[in-house]
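Fold and geometry: a report
Here are the chains, one letter per residue:
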Amino acid sequence: MSAKRGVDFLKTVADYMAKTSGHDAITNVFKVTGGGDGRCIGEFTITKAHLNAAGGLHGGYTATMIDNVTTYALMSTDAHPGVSVDLNVSYMKSAKEGEEIIVDANTLKVGKKLAFIECVLKKKSDGSIVAKGGQTKFIDFNKE
């Protein structure tokens, strides 16, 4: 496995994104625990900042996490990180402040123009699925 595609590369990407001044900085609690070669696995603990008005994990935060972590997984292949063409999320179970969430993203296919990545968020305590989703990314950028 090349250094570019391994866990250290994924940690570098996640750390860089967490330090940006834009929207991606909200994933600063995500810590990479494994992955490489098209996969990214990590976890975070839900804090008050991640909650909706009802006290559950906010759907927008969940979508951002899926967007970012699937991109990290894709970046651990030889593909360009691309731009999102489609992002989907299915919300399956509530999660509350203090719960630890495992995020597992896997690159399903990298074609000439598009890449397809899936993602699952699970409670660390019992493995129950909180949300699942994924995205399609356009990756055919002219390398002139």
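Check the entry above for the structure.
Below is a summary of the structure that appears in this document. (Residues numbered from 1 in each chain as written. Predicted model: local features only at pLDDT ≥ 70, side-chain atom pairs only at ≥ 80, totals over all residues. Heavy atoms only, no water.)

1. Quick word on the overall build of the protein
Summing up its helical and strand segments, the protein has two helices and six strands in all. Starting at the N terminus and ending at the C terminus, the protein contains elements arranged as α-β-β-α-β-β-β-β. Taking 144 residues into account, the globule formula puts the C-alpha radius of gyration at 15 Å, and the protein, at 15 Å, falls close to it. Taken along its principal axes, the extent of the C-alpha atoms in the protein is 50 × 30 × 30 Å. With 144 residues in all, the protein has 42% of them scored as buried. (Helix = DSSP H or I, 4+ residues; strand = E, 2+ residues; numbered from the N terminus. Rg over C-alpha atoms; globule rule 2.2 N^0.38 Å. Buried < 20%, exposed > 50% of the residue type's maximum accessible area, 1.4 Å probe, protein only.)

2. A word on the environment of proline 81
In this fold, proline 81 is placed in the loop between α2 (59-75) and β3 (83-91). Spatially, the C-alpha atom of proline 81 lies 17 Å from that of alanine 18, the residues being 63 residues apart in sequence.

3. Structural notes on the packing of aromatic side chains
Under the counting rule described, the total for this entry stands at three aromatic pairs. Between phenylalanine 30 and tyrosine 72, the ring centres sit 6.2 Å apart and the planes meet at 45 degrees, which makes this aromatic pair tilted. With a gap of 42 residues between them, phenylalanine 30 in the loop between α1 (7-18) and β1 (31-35) and tyrosine 72 in helix α2 connect regions that are remote in the sequence. By the burial criterion, phenylalanine 30 is buried, and tyrosine 72 matches it. (Phe/Tyr/Trp six-rings, centres within 6.5 Å; stacked < 30°, edge-to-face > 60°.)

4. What about the pairing of strand β4 (residues 100-110)?
The sheet contact formed by strand β2 (residues 39-45) and β4 spans seven bridges and is antiparallel. Note that in β4 the partner of glutamate 43 across the bridge is isoleucine 102. Looking at chain direction, β4 and strand β5 (residues 114-123) are connected through nine bridges and run antiparallel. Bridging across to β5, isoleucine 101 finds its partner in lysine 123. Where β4 hands over to β5, the hairpin turn is made up of three residues, counted between the paired strands. (Pairing = 2+ DSSP bridges.)

5. Thoughts on the packing of α1 against α2
Where α1 meets α2, the axes come as close as 10 Å, and the angle between the chain directions of the two elements is 140 degrees. Judged by the inter-axis angle, α1 sits oblique to α2. Both α1 and α2 take part in a crossing whose hand is right-handed. In contact with Phe9, Leu10, Val13, Ala14 and Met17 of α1, α2 contributes Tyr72, Ala73 and Met75. For the contact of α1 with α2, the per-class residue count stands at eight nonpolar, no polar and no charged. (Axes fitted to C-alpha atoms, helices over the stretch in contact; angles between N-to-C directions. Parallel < 35°, antiparallel > 145°, perpendicular 65-115°, else oblique. Left-handed = near helix turned anticlockwise from the far one by under 90°. Contact = heavy atoms within 4.5 Å. Nonpolar A, V, L, I, M, F, W, Y, C, P; charged D, E, K, R; others polar.)

6. Brief notes about the sheet that holds strand β6 (residues 129-138)
One open sheet accounts for six strands, arranged β1-β2-β4-β5-β6-β3; its pairing is antiparallel. Bordering the open sheet on either side are β1 and β3, each of which pairs with just one other strand. Across this sheet, the average inter-strand angle for adjacent strands is 20 degrees, counted without regard to direction. Both β1 and β2 contribute to a ladder of four bridges, which runs antiparallel. Paired with glycine 34 across the two strands is isoleucine 41, which belongs to β2. In the packing of α2 onto the sheet, the strands contacted are β2, β3, β4, β5 and β6, and the crossing angle to β3 comes to about 130 degrees.

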